[in-house]
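# Results of the structural survey
What follows is each chain in one-letter form.
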Amino acid sequence: MAIFYDEQSKIFYLESKETTYAFGINKLGILEHLYFGKRVGRDLVFTTYSEKGRSHAVYVFDEDGVKYDITSIPKEIETPYAGDYYEPSLILEYANGSRRSDLVFEGYEILKEKPKLDGLPSLRYGETLAIKLRAKTAKVILYYTVYEESSVIARSMKIENTGDDNIRVNRAYSFSFSLPNRDWKALYLAGGAGAETQVKQTTLDRGIFTIDSKRGISSASMNPFMAIGLPETSENAGIAYGVNIIYSGSHAISAERTPMGIVRVTGGLSDFDFSWKLEPGETFQSPETVLVFSDKGYSGMSREFHNIFRNALIPKRFVKKSRPIVINNWEATRFKFTMEKLRSIVETVAGTGIDTFVLDDGWFGKREDETSGLGDWFVNEEKMEGTLKDLIDFTHEKGMRFGLWFEPEMVNRDSDLYRAHPEWALRTPDEEPVEARRQLMLDLTREEVREYLATTINKIIRDHEIDYVKWDCNRDLAEGYSLALPVDRQKETYHRQILGLYDLFERIVDANPDVLFEGCSSGGSRFDAGVLYYFPQIWTSDQTDAPARAKIQYGTSFVYPFSSMSCHVTESPNRRAKHITKLYARADLAHMGATGYELDTTKMTEEELEEIPKQIAAYKADEDLVFDGDIYRLNAPFGDSNYFAIQVVSPDKKKAKLTVMKMLENFNEPELRIFPEGLDADTVYEVAELETSMTGASWMNFGIYPQMPQGDFETKVYRFIAK
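Here we summarise the structure given alongside this text. Only a predicted model underlies this, so the values are computations on that prediction, with no experimental measurement involved. (Residues numbered from 1 in each chain as written. Predicted model: local features only at pLDDT ≥ 70, side-chain atom pairs only at ≥ 80, totals over all residues. Heavy atoms only, no water.)

## A look at the sheet that holds strand β3 (residues 19-25)
Taking strand neighbours across the sheet as the criterion, the four strands line up as β1-β2-β3-β4 in an open arrangement whose pairing is antiparallel. Sheet topology places β1 (3-6) and β4 (31-38) at the edges, where each strand pairs with a single neighbour. Going across the sheet, the axis of each strand differs from the next one's by a mean of 15 degrees, ignoring polarity. (Pairing = 2+ DSSP bridges. Helix = DSSP H or I, 4+ residues; strand = E, 2+ residues; numbered from the N terminus. Axes fitted to C-alpha atoms, helices over the stretch in contact; angles between N-to-C directions.)

## Description of the pattern of salt bridges
Tallied over the entire structure, the rule returns 63 salt bridges. A salt bridge links Arg507 to Glu447; the nearest nitrogen and oxygen atoms lie 2.6 Å apart. Of this pair, Arg507 sits in helix α9 (residues 493-511) while Glu447 sits in helix α8 (residues 447-463); the two residues are 60 residues apart in sequence, bridging distant segments of the chain. Taking the relative accessible area as the measure of exposure, Arg507 reaches 23% and is therefore partly exposed. For Glu447, a relative accessible area of 38% gives the class partly exposed. Through salt bridges with shared partners, a single network forms among Lys277, Glu279, Glu282, Asp488, Arg489, Glu492 and Arg496. (Salt bridge = Lys/Arg side-chain N within 4 Å of Asp/Glu carboxyl O. Buried < 20%, exposed > 50% of the residue type's maximum accessible area, 1.4 Å probe, protein only.)

## Comments concerning the pairing of strand β9 (residues 127-135)
With respect to burial, β9 is a largely interior element, seven of its nine residues being buried. By the bridge criterion, seven bridges tie strand β8 (residues 104-111) to β9 in an arrangement that is antiparallel. Bridging across to β9, Leu111 finds its partner in Thr128. Across nine bridges, β9 lies against strand β10 (residues 138-147) in antiparallel orientation. Counterpart to Leu129 in the pairing with β10 is Tyr144. Hairpin remark: β9 followed by β10, antiparallel, with two residues in the connecting loop; positive phi at Lys136, about 50 degrees.

## Quick notes on the environment of Asn223
By the secondary structure assignment, Asn223 is in strand β16 (residues 222-229). For Asn223, a relative accessible area of 2% translates into the label buried. Here the alpha-carbon distance between Asn223 and Ala697, two residues 474 residues apart in the chain, equals 36 Å. Beyond its immediate sequence surroundings of up to four residues, Asn223 is in contact with Leu189, Ile211, Asn244, His251, Phe527 and Tyr560. (Contact = heavy atoms within 4.5 Å.)

## Focus: helix α12 (residues 583-590)
Side chains that are three or four residues apart share a direction in an α-helix, a result of its 3.6 residues per turn. In terms of burial, α12 is a largely internal element, seven of the eight residues being buried. For α12, the set of buried residues is Leu583, Ala585, Arg586, Ala587, Asp588, Leu589 and Ala590.

## Some thoughts on the packing of aromatic side chains
Taken as a whole and judged by the stated rule, the model has 47 aromatic pairs. Taking the centre distance of 6.1 Å and the plane angle of 10 degrees together, the rings of Phe364 and Trp405 count as stacked. Separated by 41 residues along the polypeptide, Phe364 in the loop between β24 (356-359) and α5 (381-384) and Trp405 in strand β25 (residues 401-406) bring together distant segments of the chain. Trp405 shares its class with Phe364; the two are buried. The positively charged end of Lys383 is found above the aromatic ring belonging to Phe337, 4.5 Å away from the centroid. Taking NZ or CZ as reference, Arg549 lies 4.9 Å from the ring centre of Trp539, over its face. (Phe/Tyr/Trp six-rings, centres within 6.5 Å; stacked < 30°, edge-to-face > 60°. Lys NZ or Arg CZ within 6 Å of the ring centre and 35° of its normal.)

## Topic: the sheet that holds strand β37 (residues 692-695)
Strands pair in a sheet through their backbones, by hydrogen bonds, and they do so in one of two ways: parallel or antiparallel. Strand order in the open sheet formed by six strands is β33-β34-β35-β38-β36-β37, with antiparallel pairing between adjacent strands. On the outer flanks of this sheet lie β33 (630-635) and β37, each paired with one strand and no other. Shown here is a sheet whose adjacent strand axes are inclined to one another by a mean of 20 degrees, direction ignored. In the sheet, strand β34 (residues 643-649) pairs with strand β35 (residues 655-662) via seven bridges, with the strands oriented antiparallel. Counted as the bridge partner of Phe644 is Met661 from β35.

## Here's the deal with the state of the cysteines
Here a disulfide denotes a covalent bond joining the sulfur atom of one cysteine to the sulfur atom of another. This structure, assessed with the given rule, holds zero disulfides. Cysteine Cys520 is unpaired, with the sulfur of Cys473 as its nearest cysteine sulfur at 8.8 Å. On the accessibility criterion, Cys520 (5% relative accessible area) is buried. With no disulfide of its own, Cys567 has Cys520 as its nearest cysteine by sulfur position, at a separation of 12 Å. (Disulfide = S-S within 2.5 Å.)

## A few points about the packing of α8 against α9
Here α8 crosses α9 at 25 degrees, and the two axes come no closer than 10 Å. One finds that α8 runs roughly parallel with respect to α9. Our pair here, α8 against α9, has a crossing hand that is right-handed. Across the interface between the two elements, Glu447, Arg450, Glu451, Leu453, Ala454, Ile457, Asn458 and Ile461 from α8 touch Gly500, Asp503, Leu504, Arg507, Ile508 and Ala511 from α9. Class assignment of the residues belonging to the contact of α8 with α9 gives a composition of seven nonpolar, two polar and five charged. (Parallel < 35°, antiparallel > 145°, perpendicular 65-115°, else oblique. Left-handed = near helix turned anticlockwise from the far one by under 90°. Nonpolar A, V, L, I, M, F, W, Y, C, P; charged D, E, K, R; others polar.)

## Brief notes about the packing of α12 against helix α13 (residues 606-628)
Running from N to C, α12 and α13 point in directions that differ by 30 degrees, and their axes come no closer than 11 Å. With respect to α13, the axis of α12 lies roughly parallel. Here α12 and α13 pass one another in a crossing that is right-handed. Touching Leu583, Tyr584 and Ala587 of α12 are Glu608, Glu611 and Gln615, all from α13.

## Things to note about the environment of Asp510
With respect to the helices and strands, Asp510 occurs in helix α9. Separated by 24 residues in the primary sequence, Asp510 and Tyr534 have C-alpha atoms spaced 9.2 Å apart.

## A look at the nonpolar core
Soluble, globular proteins show a tendency: their nonpolar side chains are buried together. Among the nonpolar cores identified, the biggest contains 178 residues, and Leu14, Leu123, Phe309, Phe357, Leu359, Trp363 and Phe558 are the most heavily contacted of them. Residues contacting Phe357, with those up to four places away along its chain left out, are Ile327, Asn329, Leu342, Ile345, Val346, Leu391, Thr395, Met400, Arg401, Phe402 and Gly403. Membership of the second largest hydrophobic core comes to 20 residues, among which are Leu658, Ile674, Tyr718 and Phe720. (Core = buried A, V, L, I, M, F, W, Y, C linked by side-chain atoms within 4.5 Å.)

The values are spatial; any link to function lies outside them.
Structure, rendered in structure tokens:
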């Protein structure tokens, strides 16, 4: 068993691979958080203590009359208006206007099978503890799932209205835990479209530090992830905690340092302009949050996230299956393609190892640019100069599979769908709907909208031999109003939109189990664990410039495995950054994830086309590392650093790959020595690129001085093979 309860001390012990998470019922009847960290014995004691003379404190008394300052007690779930002034994780509003919920412990249950979350993605399987609490006319259940093979705890919360009157859920965060008084710092992934997942850090001083998205999607601005470490925590040594919300909508994570120095961490579904009406007998389920502990630095934390997502989140049928190596026409043609041009792209790469052609935006409706056609999911045969089947048959004749682009959640005003159903777009009454990229967002809170989309898209996939679907989402939400919802439920719109999205995912993905779906949102604007529950990979960024991608892929790897990152070789000079990079350098970065090519192959030289089969052969030789490798980040390409370096090691430690990129050619630059990690100390590894063999201990301690070619944006790849 991974879950233990000590009847005498009233303490619960949740024991994952190398971690203990402990809390219990103290003398005040409060569910007190005790410990989260490296595995300890089942002999902990409560740390609450009486306070005398603390001014402006709210005191409570135990059964023996001992006085306690309520603010000194770290709780598993925080509620307001009972003397604890810190960031609450649960706010309920009752029929009489009261927002105070004094939670009373009522019992617990240990579940061998993890319950499925209502309408939400979550980790699969795992022994689960259900803590049952009561507050006035509400029942609150805290769920804790333990994974014995990972240093991971999954947490969520369910609220049930047990009374006769309505309740409003004004905040329902998924988790709360506390860290002792030390010099903690927060690490997070901020950015924007084209500059996603840039690694940022801040010291956690007095007050509240919050990262959030109010955009209705998880967003490129702030990924739903936070790590907390100490000043001495590095990539490969020291204590690191990680928090990641399995959710694709607005979110928030807060770390608050109290006057006593304790850091309280909480978060989940954003409560910005949120309120959920619970009628008698109804329940509300919060999204699940994954909590990770590592004493092997931030890379160790990342390995825990990667392993649990590969083993318990990403669809099993694809997680370690060889992925399509695609050629996508978007960068080559945009909207302005012809059948002849598409066929010529297919013809130039047939037989190179690229095995799937993906037709991007522009094949449907009246779609000549971004201003029209979205929502009209029928083939524009005039533009295609034939049927979609004609192109698919040609692609198959060349020995390749076929993929297709959709943007199901959106609609243009200039479309048959909008003209027929303007009420299907999210909009606020008496206001012009807010456009972005000349499109509106369909109201997925409506069953009829989801039914239309699922039926239409499933028919296209079913009637054609589609092997791969790219699912795009090119704008954030901006309308907090659904014409389908009553006035007193309008603050539910954003969350209901995401629940509708997940329902749509299930209807389409489940109907096409052999099709590989790739997520996209103008690149990485919806790169989150919620999407990965349905799709095994996500387009990491529309910024495909190799040095920029080095930073994006570095940051993304803090949470998400390389197998989930879709990474393509694109043109040079880069369309956005204008940087000139060699084909092999672009490939070295792109081949760290689920790879492909996205450029006009008809304009490539004969030498470049001859290089592609060699690149793909090298990728295939290392594909197992993409799917199952353990990551060690060795050099961060941020700040004053001029180098990117990441190593991936096979679980059996028989092979590894180290990818290095130099950003700029600098005169008289100090020596860079890279020290590999994760190798077996006694095993002899050959590195053919250096024509050298040494033991793992020697490689890790003596290091490598990468002999980088002269010039900007150069790469080197070193492969370690056990002899």
